[in-house]
Amino acid sequence: MADIDLGRLVIRAFDIKSVSWGDEMKVTPQGEMIISKSMLPDLVSSMDTIEAVDIRLIQPDEHDQWTNTILDIIPISTKALGVVGEGITHTLTGVCAMITAVDTEGKQCHEFGSSEGNLKEKIIFDNPGTPSSTDVIISFDVTLKAGMGQERKGPYQAHLLCDRFLQVYREQMKNFDGKLCSARNEFHNISRPGKKRVVIIREVAGQGAMYDMQLFPHEPSGVEGGRSIIDMGNMPILVTPNEYRDGILHSMQ
Amino acid sequence: MGVGPSAKETSLHHFRDPLLDLISSDEDIDLLGIILFGSSDKYSEKILTSTRAAIWAQGMRADGAVIFCEGSGNNHVDFANACEQLSRRGVALAGLTVIGKNGQFVVTNDYMNDNIIDVCKSKGTVEPCIIGENNLSYDDCKKALSILKIKMNKNKS
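J.: Even after reading the chapter, I still don't get the overall build of chain B, so can you show me in this structure?
T.: Across its full length, chain B carries 5 helices and 4 strands. Its C-alpha radius of gyration of 15 Å places chain B within 12% of the 15 Å reference for a compact globule of 157 residues. Considered along the principal axes of its C-alpha atoms, chain B spans approximately 40 × 35 × 25 Å. Classification of the 157 residues of chain B by burial places 58% in the buried group.

As structure tokens, this is what we get:
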């Protein structure tokens, strides 16, 4: 029997060639990204578990530096058309976001082991889940209030703060001219009648602070609009291949 | 125990997951979808959610399942039960998880034998706390898919 196409997702990648400091928050389809800390004070004051946050731009030749424990590595993507799992996604390559967190008493925010130390020794670069060795890393170094690294709300707000910061860039990325993308990938949810029927099952974290998984955010790999698998009783959820590869999960462990 | 830094899967990992890439591009496989369930902190809920996942797979009339469990330790209680419940429902399975060299599974059963692949890459016996070190690789996923195909063919015969 012929294959059946159940849905299409297009991911357009825009390669970022330079990430630098400036007075405004700006990203262009030609590959220029400018980072400003101007909105950080307002973001920090809106989160009751966060004491402070700093951003560092880590260029590819600057991995030899201290990092607090790493909570997540996040691709910067947005929906240009449709919802997560269908339509068109714009994503940036050559750059990614990283969240690290420690509390005011110096306790690293972690569950089973923490990864603070020299960055070049604490990440295996060029894996599917880690930055490329040529990526610029936008590092969000969050300082939580005392003890908040071990409460669900602390790491959640660290992720949310980063998400709200990135949303400023996502809003600009939505309007990128698709013709200027550096790569275009098309993915289809294909049904192959008559072939072996296979399901992928993933057991994910669902026990509390730093052991959580956020699902169904508004934006790919986002936080806002999502819900925790803990709050859904850890019950099985079905997602399509294109939802999964479009970033319907946001790691919180 | 739980999910250490070396085994944790980042949001970036989910964005470009090798397991999904491999299975969705295999022309001999009709990929039905991805079931996600959380690992609870109570034993009774671990059994409930992992059993419900197996019932989903059976309800979808799956011939086979690749089940991946992030981390190790108590998470393997859910993992082991899912393996058992899938097998008892006639769903062939291959499993992927971190086992490591520090010990055995905290729990096992008759349905976890040559069908489980250890994704641990660390040479030592302790959590190395290095991001990405013990993540799923393409080679791990290829092994799992090969095992699954053999098991599905055995179930058919």
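J.: Looking at this structure, I do not really get the nonpolar core. What am I missing?
T.: The nonpolar side chains of soluble globular proteins are, as a tendency, buried together. Counting 108 residues, the largest nonpolar core has Ala-97 and Val-198 of chain A together with Ala-57, Ala-65, Val-66 and Ile-67 of chain B as its most contacted members. If you tally residues by element for this core, the top one is helix 3 (residues 153–173) of chain A, at 8 residues. Excluding anything up to four places from it in sequence, Val-198 of chain A contacts Ile-23, Ile-29, Asp-30, Leu-31, Leu-32, Ala-62, Asp-63, Gly-64, Ala-65, Val-66 and Leu-148 of chain B.

J.: Could you clarify how one ought to interpret the sheet that holds strand 2 (residues 64–69) of chain B in this entry?
T.: Within a sheet, neighbouring strands are paired by backbone hydrogen bonds and run either parallel or antiparallel to one another. As summarised here, the arrangement of the 6 strands in space is 17(A)-1(B)-14(A)-2(B)-3(B)-4(B), forming an open sheet in which the pairing is mixed. The sheet is open, and its two borders are formed by strand 17 (237–239) of chain A together with strand 4 (116–118) of chain B, each paired with just one other strand. If you compare each strand with its neighbour and ignore which way they point, the axes differ by 20° on average. Inspection of the sheet shows strand 17 of chain A paired to strand 1 (residues 29–39) of chain B by 3 bridges, in the antiparallel sense. Its bridge partner being in strand 1 of chain B, Leu-238 of chain A is matched across the sheet by Ile-35 of chain B. Docked against the sheet, helix 3 (residues 43–59) of chain B engages strand 14 (196–205) and strand 17 of chain A together with strand 1 and strand 2 of chain B, running at close to 170° with respect to strand 1 of chain B.

J.: Help me out: how do you make sense of the interface of chain A and chain B in this one?
T.: Interface size is often expressed as the accessible area that is lost when the parts come together. With 55 residues of chain A at the contact, the number on the chain B side is 65 residues. The biggest single contributor to the side of chain A that touches chain B is strand 14 of chain A, with 10 residues. Across the side of chain A that touches chain B, the residue classes tally to 28 nonpolar, 17 polar and 10 charged. Across 6 bridges, the pairing between strand 14 of chain A and strand 2 of chain B is parallel. Bridge assignment links Arg-202 of chain A to a residue of strand 2 of chain B, and that residue is Phe-68 of chain B.

J.: Looking at this structure, I do not really get the confidence of the model for chain B. What am I missing?
T.: Low-confidence regions, as indicated by low pLDDT, have predicted coordinates that should not be scrutinised in detail. On average, residues of chain B carry a pLDDT of 92, and 97% of them reach 70 or more. Across chain B, the element-wise mean pLDDT spans from 91 in helix 1 (residues 11–15) of chain B up to 98 in helix 3 of chain B.

J.: Looking at this structure, how should I read helix 4 (residues 75–88) of chain B?
T.: Note on helix geometry: an α-helix contains 3.6 residues per turn, so any two residues three or four positions apart are oriented the same way. The first and last C-alpha atoms of helix 4 of chain B sit 20 Å apart over 14 residues, in line with the 20 Å expected at 1.5 Å per residue. For helix 4 of chain B, a buried count of 12 out of 14 residues is recorded, marking the element as mostly surrounded by other parts of the structure. What helix 4 of chain B keeps buried is the set Asn-75, His-76, Asp-78, Phe-79, Ala-80, Asn-81, Ala-82, Cys-83, Glu-84, Gln-85, Leu-86 and Ser-87 of chain B. Those residues of helix 4 of chain B hidden inside the fold are in contact with strand 14 of chain A together with strand 1, helix 3, strand 2 and strand 3 (92–97) of chain B. Positioned one or two residues after helix 4 of chain B, Gly-90 of chain B has a phi angle of 80°, which is positive.

J.: Please clarify how the pairing of strand 14 of chain A should be interpreted in this entry.
T.: Two faces, one strand: in a regular strand the side chains alternate between the faces of the sheet. Buried residues dominate strand 14 of chain A, accounting for 9 of its 10 residues. Pairing of strand 14 of chain A with strand 1 of chain B, which is carried by 10 bridges, proceeds in the parallel orientation. Paired with Arg-202 of chain A across the bridge in strand 1 of chain B is Leu-36 of chain B.

J.: Please explain helix 3 of chain A as it appears in this structure.
T.: For helix 3 of chain A, built from 21 residues, the straight-helix expectation of 30 Å at 1.5 Å per residue is met to within 8% by its first-to-last C-alpha distance of 29 Å. Of all the bends found along helix 3 of chain A, the most pronounced is centred on Gln-167 of chain A and spans about 30°.

J.: Help me understand the pairing of strand 10 (residues 95–103) of chain A in this model?
T.: Residue and element names in this part refer to chain A. Among the 9 residues in strand 10, 9 count as buried, and that is most of the element. Residues Val-95, Ala-97, Ile-99, Ala-101 and Asp-103 point to one face of strand 10 and Cys-96, Met-98, Thr-100 and Val-102 to the other, with burial holding for every one of them. Strand direction decides the pairing type here: strand 7 (residues 70–74) and strand 10, joined by 4 bridges, are antiparallel. Within strand 10, the residue paired with Ile-73 across the bridge is Met-98.

J.: For this particular structure, what's the right way to read the environment of Leu-145 of chain B?
T.: All names here are of chain B. Relative to the assigned elements, Leu-145 resides in helix 5 (residues 138–156). Separated by 122 residues in the primary sequence, Leu-145 and Ile-23 have C-alpha atoms spaced 7.5 Å apart. Every residue in contact with Leu-145, bar those within four places of it in the chain, is listed here: Leu-22, Ile-23, Asp-26 and Val-66.

Reading the values: rules and limits
Residues numbered from 1 in each chain as written. Chains lettered and ligands numbered in written order. Predicted model: local features only at pLDDT ≥ 70, side-chain atom pairs only at ≥ 80, totals over all residues. Helix = DSSP H or I, 4+ residues; strand = E, 2+ residues; numbered from the N terminus. Rg over C-alpha atoms; globule rule 2.2 N^0.38 Å. Buried ≥ 20, exposed ≤ 12 C-beta atoms within 10 Å, placed from the backbone. Core = buried A, V, L, I, M, F, W, Y, C linked by C-beta atoms within 7 Å. Contact = placed C-beta atoms within 7 Å. Pairing = 2+ DSSP bridges. Axes fitted to C-alpha atoms, helices over the stretch in contact; angles between N-to-C directions. Nonpolar A, V, L, I, M, F, W, Y, C, P; charged D, E, K, R; others polar. pLDDT = per-residue confidence, 0-100. Expected span 1.5 Å × (residues − 1). Bend = angle between axes of the 7 residues up to and from the residue.

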